[in-house]
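# Commentary on secondary and tertiary structure
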Amino acid sequence: MALLLCVACSEPKDSAVNVVNPFIGTGFHGHTYPGATVPQGMVQLSPDTRRGNWDACSGYHYSDSTLLGFSHTHLSGTGCIDWGDILVYPSSRELSPDGTADWMPPHPFSHEREEAMPGYYRVELPAEGIEVELTATPYTGVHRYTFERGGEVSIVVDLAHALSDDKIKEARMERIGDNEIRGGRNTSGWVDNQHIYFIARFSRPFHSLRWVKEGKTVDSVDSITGERLQVIATFRLLPKESVELYVGWSCVSEENACDNLEHDFTGDGFDHFRREAEQRWRQVLSRVRVKGGTPAECANFYTALYHSFLTPNLVSDANGDYRRHDMKTGKVDGRRKQYSTFSLWDTFRAWHPLMTLLDTTLVGDMVNSMLNIYDVTGELPIWSLSSGETNTMIGYHAVSVIADAYLKGIRGFDARQALEAMTRSAEKNAKGAAYYTRYGFIPSDLRRESVSCLLEFAYDDWCIMKLAQQLNRPQEEIDLYRERSKNYRFVFDKESKLMRGKNEDGTFQSPFSPYKWGDAFTEGNSWHYTWSVFHDPQGLIDLMGGKTGFNAMMDSVFNVPPLFDDSYYGGVIHEIREMQIMNMGNYAHGNQPIQHMIYLYNYSGEPWKAQYWVREVMDKLYFATPDGYCGDEDNGQTSAWYVFSALGFYPVCPGTDQYILGSPLFKSVTLNLENGKKVVIKANNNGEANRYISSMKVNGKNYTKNYLTHGDLMRGMNIHYNMSATPNKSRGTQDSDVPYSFSNELGK
């Protein structure tokens, strides 16, 4: 691997796909999976090493030494568990389900006989002499099982398996040929009514089929229904012969699963599909070329870029059908695609803005997908999964995604319908909207997570205001959301200079500890959430008495010890433990609320501190190892933070067109934009010790601003940094260098 990484840093054009390490994030609490998929695919074919506990969110944990089989759907980096649909279990033993609960025992394996790269996974199961290879297409999981000893071998298709304790409402399977079965099931887990349908086509005729229902064999039938179902397909092989399996997928119907398989079945055998999957990843990874980093930095970067393209997940079929949230069949026309797996509380921050740079077509499809959900439910998604809504986390951050897309010039959706959806979603949010609109804040003695909700509602309302301005809506409508955008001020405590819960009678919560997690805050404390005024850093600076006081409070986040009060939770939650382990004071990068905070030094006259701390986080909290993430990877957000930060800029406030400067990691970067333009970044004298921007030129002209604009980037740009081991404390310190703040727009 080290050799490949060195090649990648010197010749990334040919080798970027080889630098990706899908095992990064599969240890600690990263919750990523190593298996085979294609960008935004419907199928994520990966080994399951555990089920039923929190570190089984992706089905795989690097610390495990046995595996349960290979299932077709997996979440990447989430903090909640679901999926693991349709497990395939190979065996060279005789399988006897009757009378024993453990007739499919876990397979021992070792990492020395395991490998993964984008679109391909391989592992050896030495106890049974089986080599397993996996690849995928958008709609199909492709397996190859090579049996060293030959003889009669078995491949089980298991509809009883799931990663969590999902309730299986119904399931069915039937034989439809001498080498094909099809079926489906409906489960209730993180969301209700998760319908999946499949067709499984084997490369050889069956020697026999045995159906298993509720753990007992059912003989002499061609179909089966129930809840816990398996089928054992047997084959007779010579030594070292293989069986390939192609599993087509749909959320709509068995017929559509068959059509999807035929749509993807464009070649002859496993190796063709593997090459095709690799080519899809080459096309995606080639959108960014980096040179001049260490092998570990290149691995971190390209793996982060890879993880950024795993979601959202395709839910529309090749014919455009998709299952709506009311369980009816919808349809997208032409080249449009319907997507789900929108982890919006996580991804509105950096992942969605990254796509506005790298994949505007995807952005348009995502916005239309959200509007299709709104058409059915009357509300934009909060955290959508499959064909349902989990209502997980806070805010109504689809409004950020939509506003950011429109304000960056991305079209192809009905902006007026979008604004209607945004305003209606803001009024009906179940986590405090009624109190928020009545009082301007959410009483902490009446609702938990009150401060976090308020801060994020205020930002979301600013996004609504910006789109309303663009669409020339009536002034009273614009003013309503303009005023609500200021509501963050209601929970600022001048005494502590931090955000603090407020009771219904207007008094602050007491006693108050900035180290207390939970209660008025979501998975964090006041040290983390005080900075969640994305749209108005200047307003926060003013509340803290000016730049000097603001910078002192920013510094304190890193200078205070990693103390915590876990009394609200009654124990240490994983985000607390992650903060302690990372040991950067009360900076908790393992969760999203504080990830933008470092860049706020650009607003307060000390941009060199942003340059210092961004490098500290990249160097100390990201590693090219299985435990390389400092918390949940969260559907691409923690990866997108790294991608942006390595490029040298970050979107503090989606909905503006500005990216705030940090410190570029590589000596050379080329962004190949979708419109054919290029952004070329050169960092002279860059290196581990030289993290500070001494001077900067854009398109050949001296540049002192602390931000770049989306429009300028999309027109093509040449950026040249001179890096230094000592900070330039005069660059970027003038008022004209400071990024956007809402208060400056208002004239304070």
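### Quick look at the packing of aromatic side chains
For the structure shown, the criterion picks out 39 aromatic pairs. Summarising the aromatic geometry, the rings of Y459 and W462 are spaced 6.1 Å apart at their centres and angled 20 degrees between planes, so their arrangement reads as stacked. Taken as a pair, Y459 and W462 lie in helix α12 (residues 450–470) at a separation of three residues, close to a single helical turn. Judged by its relative accessible area of 0%, Y459 falls in the buried class. The interplanar angle of 50 degrees and the centroid separation of 4.8 Å between the aromatic rings of Y622 and Y642 together place this pair among those described as tilted. Note that Y622 is positioned in the loop between α18 (607–621) and α19 (637–647) and Y642 in helix α19, a separation of 20 residues in sequence. When its relative accessible area of 1% is taken as the criterion, Y642 is described as buried. Through a chain of ring-to-ring contacts, the aromatic side chains of F348, Y459, W462, F534 and Y740 assemble into a single cluster. The residue whose ring lies beneath R411 is Y406, and the NZ or CZ to ring-centre distance is 3.6 Å.

### Description of the sheet that holds strand β34 (residues 701–702)
Within the open sheet, the six strands sit side by side as β19-β31-β32-β36-β33-β34. Their pairing is mixed. Of all strands in the sheet, those with a lone pairing partner are β19 (288–291) and β34, marking the two edges. Sheet analysis places strand β33 (residues 692–698) next to strand β36 (residues 717–724), joined by six bridges and oriented antiparallel. From the neighbouring strand, I693 faces β36, where its bridge partner is M723.

### Topic: α18
Its 15 residues place the ends of α18 21 Å apart at the C-alpha level, agreeing with the 21 Å of an ideal helix rising 1.5 Å per residue. With twelve of its 15 residues buried, α18 lies for the most part within the structure. Looking at α18, one finds that the buried residues are P607, W608, K609, A610, Q611, W613, V614, R615, E616, V617, M618 and L621. Close packing links the buried residues of α18 with α16 (547–559), α17 (574–582), α19, β30 (658–661), β33 and β36.

### Remarks on helix α8 (residues 360–377)
An α-helix turns once per 3.6 residues; consequently, residues spaced three or four apart project the same way. The end-to-end C-alpha distance of α8 is 26 Å, a good match for the 26 Å that 18 residues give at a rise of 1.5 Å each. Along α8, the residues that are buried comprise L362, V363, G364, D365, M366, V367, N368, S369, M370, L371, I373 and Y374. Trailing α8 by a residue or two, G378 shows a phi angle of about 80 degrees, which is positive.

### A word on the environment of G716
Mapping G716 onto the fold places it in the loop between α20 (710–714) and β36. For the pair G716 and N690, spaced 26 residues apart in the sequence, the C-alpha separation amounts to 26 Å. Setting aside residues no more than four positions away along its own chain, G716 makes contact with K677, K678 and N699.

### A few points about the layout of surface pockets
Space left empty within the atom packing is revealed by a probe, the size of a water molecule, rolled over the atoms. Taken as a whole, the largest pocket encloses approximately 820 Å³ of empty space. When contributions to the lining of the largest pocket are tallied by element, the ones reaching two or more residues are α4 (270–285) and α8. Residue composition of the lining of the largest pocket, by class: eleven nonpolar, nine polar and nine charged. Considered class by class, the residues forming the lining of the second largest pocket number ten nonpolar, five polar and seven charged.

### Notes on the confidence of the model for the protein chain
Taken as a whole, the protein chain shows an average pLDDT of 96; of its residues, 98% reach a score of 70 or greater. Predicted confidence is poor over residues 1–8, with pLDDT under 50, and the contacts of this stretch with residues over four places away or in other chains come to 13 contacts.

### Overview of unusual backbone geometry
P312 follows T311 through a cis peptide bond whose omega is -5 degrees. Tracing the sequence through the fold places P312 in the loop between α5 (295–308) and β20 (313–314). In this structure, N685 takes a positive phi of about 65 degrees despite not being glycine. Position of N685 relative to the elements: it lies in the loop between β32 (678–684) and β33. On the basis of relative accessibility, which here comes to 47%, the residue N685 falls in the partly exposed class.

### Notes on the pairing of strand β14 (residues 208–213)
Of the strand pairs in this sheet, β14 and strand β17 (residues 229–237) are connected by six bridges, and their pairing is antiparallel. Bridge pairing in β17 places R210 opposite I232. Where β14 and strand β15 (residues 216–218) come together, three bridges link them in antiparallel fashion. The residue of β15 that forms the bridge with V212 is T217. Remark: two residues form the turn of the hairpin made by β14 and β15, two consecutive strands paired antiparallel; E214 in that turn has positive phi of roughly 55 degrees.

### Focus on the packing of α5 against α19
Here α5 crosses α19 at 130 degrees, and the two axes come no closer than 8 Å. What the angle tells us is that α5 and α19 run oblique. Once α5 is placed against α19, the crossing between them reads as left-handed. Here E297, N300, F301, A304, L305, H307 and S308 of α5 lie close against α19, whose contacting residues are S639, A640, Y642, V643, A646 and L647. Along the lines of polarity and charge, the residues of the contact of α5 with α19 split into eight nonpolar, four polar and one charged.

### Some remarks on the pattern of salt bridges
Under the defined criterion, the tally for this structure stands at 44 salt bridges. Among the ionic pairs, E174 bridges to R172, the shortest N-O distance being 3.4 Å. The partner of R482 in a salt bridge is D479, and the shortest N-O contact between them spans 2.6 Å. Taken together, the residues R482 and D479, both in helix α13 (residues 475–484) and three residues apart, mark about one turn of the helix. By relative accessible area, R482 is classed as buried at 17%. For D479, a relative accessible area of 31% gives the class partly exposed.

### Quick notes on empty space enclosed by the protein
One pass over the full model with this rule turns up six cavities of 30 Å³ or more. There is about 150 Å³ of room inside the largest cavity. As for the largest cavity, its lining consists of 16 residues, of which T73, W83, W249, C251 and S386 are closest to the centre. Secondary-structure elements contributing two or more residues to the lining of the largest cavity are β13 (194–202) and β20. If one sorts the elements of the lining of the largest cavity by residue count, β13 sits on top with three residues. Tallied by class, residues from the lining of the largest cavity come to seven nonpolar, eight polar and one charged. In this model, the second largest cavity occupies a volume close to 80 Å³. Surrounding the second largest cavity, 13 residues form its lining, Y322, R323, H325, Q338 and I373 being those nearest its centre. The set of elements that each furnish at least two residues to the lining of the second largest cavity consists of β21 (321–323), β23 (339–340) and α8.

Calculation notes
- The residue numbers shown here count from 1 along each chain, following its written sequence.
- It should be noted that, the model being predicted, local features are given only for residues of pLDDT at least 70 and side-chain atom pairs only at 80 or more, the latter also being counted only at that level, while totals for whole chains, interfaces and linings use all residues.
- With hydrogens and water set aside, each side-chain value is computed from the structure's full complement of heavy atoms.
- The rule is short: rings of Phe, Tyr and Trp, with Trp giving its six-membered ring, pair when the centres are within 6.5 Å, and they are stacked under 30 degrees, edge-to-face over 60, tilted in between.
- Here a helix means four or more residues in a row that DSSP labels H or I, a strand means two or more in a row labelled E, and each is numbered from the N terminus.
- A 1.4 Å probe rolled over the protein chains alone gives each residue an accessible area, and that area as a share of the maximum for its type sets the label: buried under 20%, exposed over 50%, partly exposed in between.
- Throughout this description, the term charge over a ring refers to an Arg CZ or Lys NZ atom that lies within 6 Å of the ring centre and within 35 degrees of the ring normal.
- Two strands qualify as a pair provided that DSSP identifies no fewer than 2 bridges between them.
- Residue count minus one, scaled by 1.5 Å, sets the expected span of a helix.
- Residues are treated as being in contact if the distance between any of their heavy atoms lies within 4.5 Å.
- Here a cavity means grid points, on a 1 Å grid over the protein atoms only, where a 1.4 Å probe fits yet cannot get out; a pocket means an open set of points with protein on both sides within 12 Å along at least five of seven lines; lining residues are those with an atom within 4 Å of a point.
- Grid points are joined across faces, edges and corners, and a volume is the space filled by probe spheres set on the points.
- For this classification, the nonpolar set comprises Ala, Val, Leu, Ile, Met, Phe, Trp, Tyr, Cys and Pro, the charged set comprises Asp, Glu, Lys and Arg, and every other residue, Gly included, is treated as polar.
- The predictor attaches a confidence to each residue, called pLDDT, with possible values from 0 through 100.
- Here an angle of 0 to 180 degrees is reported between the N-to-C directions of two axes, which are lines fitted to C-alpha atoms, with helices fitted over the stretch in contact.
- Roughly parallel refers to an angle under 35 degrees, roughly antiparallel to one over 145, roughly perpendicular to one between 65 and 115, and oblique to any angle outside these ranges.
- The crossing is said to be left-handed when, going from far helix to near helix, the turn is anticlockwise and less than a right angle, and right-handed when the turn is clockwise.
- Put simply, a salt bridge is a Lys or Arg side-chain nitrogen that is within 4 Å of an Asp or Glu carboxyl oxygen.

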